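Take a look at the letters that make up each chain.
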Amino acid sequence: MALKQKHLTKHDEYVLKLRDKIKHKYDFVSINVKAAGKKRSLGEIDIVAKKGNKVDLYEVKCSHRIIKAKKQLNRIKRLMNLDKSKAYFYCGSSESLIGV
């Protein structure tokens with residue numbers, strides 16, 4: 001009996017594609033990381049990558065929506081106390097990576 005494969009959304013495919021592009025630069029890469037509050041989830045970031053003491057955050061969008069991504073990245077930085085970490089926006093359709 002064959003198992004059904006779950007269909008990935010376009011966004012999930014872009015997240016996995018970016019993870020594969022950057023994973024050689026880091027010791028550890030996590031995808032779909034949630035910032036949990038006491039009663040509910042406070043937010044989610046697509047990729048958190050760590051090398052030594054350095055933590056980088058990546059937000060993936062299917063189209064070029066850098067304002068929304070920047071807002072999400074700033075919120076996650078604040079919630080996770082990662083003010084000094086670098087943040088990046090990845091546009092899946094154009095495959096561009098931009099530091100924010």
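For the structure, check the block above.
About the criteria used
- Residues numbered from 1 in each chain as written.
- Predicted model: local features only at pLDDT ≥ 70, side-chain atom pairs only at ≥ 80, totals over all residues.
- Heavy atoms only, no water.
- Helix = DSSP H or I, 4+ residues; strand = E, 2+ residues; numbered from the N terminus.
- Buried < 20%, exposed > 50% of the residue type's maximum accessible area, 1.4 Å probe, protein only.
- Pairing = 2+ DSSP bridges.
- Axes fitted to C-alpha atoms, helices over the stretch in contact; angles between N-to-C directions.
- Phe/Tyr/Trp six-rings, centres within 6.5 Å; stacked < 30°, edge-to-face > 60°.

Please explain the overall build of the protein chain as it appears in this structure.
Within the protein chain one finds two helices and five strands. From first element to last, N terminus to C terminus, the protein chain shows the α and β order α-β-β-β-α-β-β. Counting only C-alpha atoms and orienting by the principal axes, one finds that the protein chain spans roughly 50 × 35 × 30 Å. Counting every position in the protein chain, which comprises 100 residues, the buried fraction comes to 33%.

Could you clarify how one ought to interpret the pairing of strand β2 (residues 41-51) in this entry?
Along a regular strand, successive side chains alternate from one face of the sheet to the other. Here strand β1 (residues 28-36) pairs with β2 via eight bridges, running antiparallel. Looking across to β2, one finds that V33 is bridged to I45. Adjacent in sequence and paired antiparallel, β1 and β2 are bridged by four residues. Sheet topology note: the β2/strand β3 (residues 54-61) ladder contains five bridges and is antiparallel. Across the sheet, the residue bridging to I47 is Y58, located in β3. Between β2 and β3, which pair antiparallel in sequence order, lie two residues; one of them, G52, sits at a positive phi of approximately 65 degrees.

Before we go on, may I ask you to explain the sheet that holds β3 in this structure?
What links the strands of a sheet is backbone hydrogen bonding, and the strands pair in either a parallel or an antiparallel sense. The sheet built from five strands is open, its strands ordered β1-β2-β3-β4-β5 with mixed pairing. Looking at which strands have only one partner, the edges of the open sheet turn out to be β1 and β5 (96-99). Averaged over all pairs of adjacent strands, the angle between their axes in this sheet comes to 30 degrees, without regard to strand direction. Bridge count for strand β4 (residues 86-91) against β5 is four bridges, and the pairing is antiparallel. The residue bridging Y88 from the neighbouring strand is G99, located in β5.

Hey, could you run me through the packing of aromatic side chains in this one?
Each aromatic ring pair is characterised by the separation of its centres together with the angle its planes make. The tally for this structure, following the rule as stated, stands at two aromatic pairs. Measuring from ring centre to ring centre gives 6.4 Å for Y26 and Y58, while their planes differ by 85 degrees; the resulting arrangement is edge-to-face. In this pair, Y26 sits in the loop between α1 (10-22) and β1 while Y58 sits in strand β3, placing the two residues 32 residues apart along the sequence. Its relative accessible area of 10% is what places Y26 among the buried residues. A ring pair is formed by Y58 and Y88, whose centres lie 5.0 Å apart and whose planes are at 20 degrees; its orientation type is stacked. Taken together, the residues span a long stretch of sequence, with Y58 in strand β3 and Y88 in strand β4 at a distance of 30 residues. Here Y58 matches Y88 in class, with each residue buried. Here a set of aromatic residues connected by ring pairs shows up, and it is made of Y26, Y58 and Y88.

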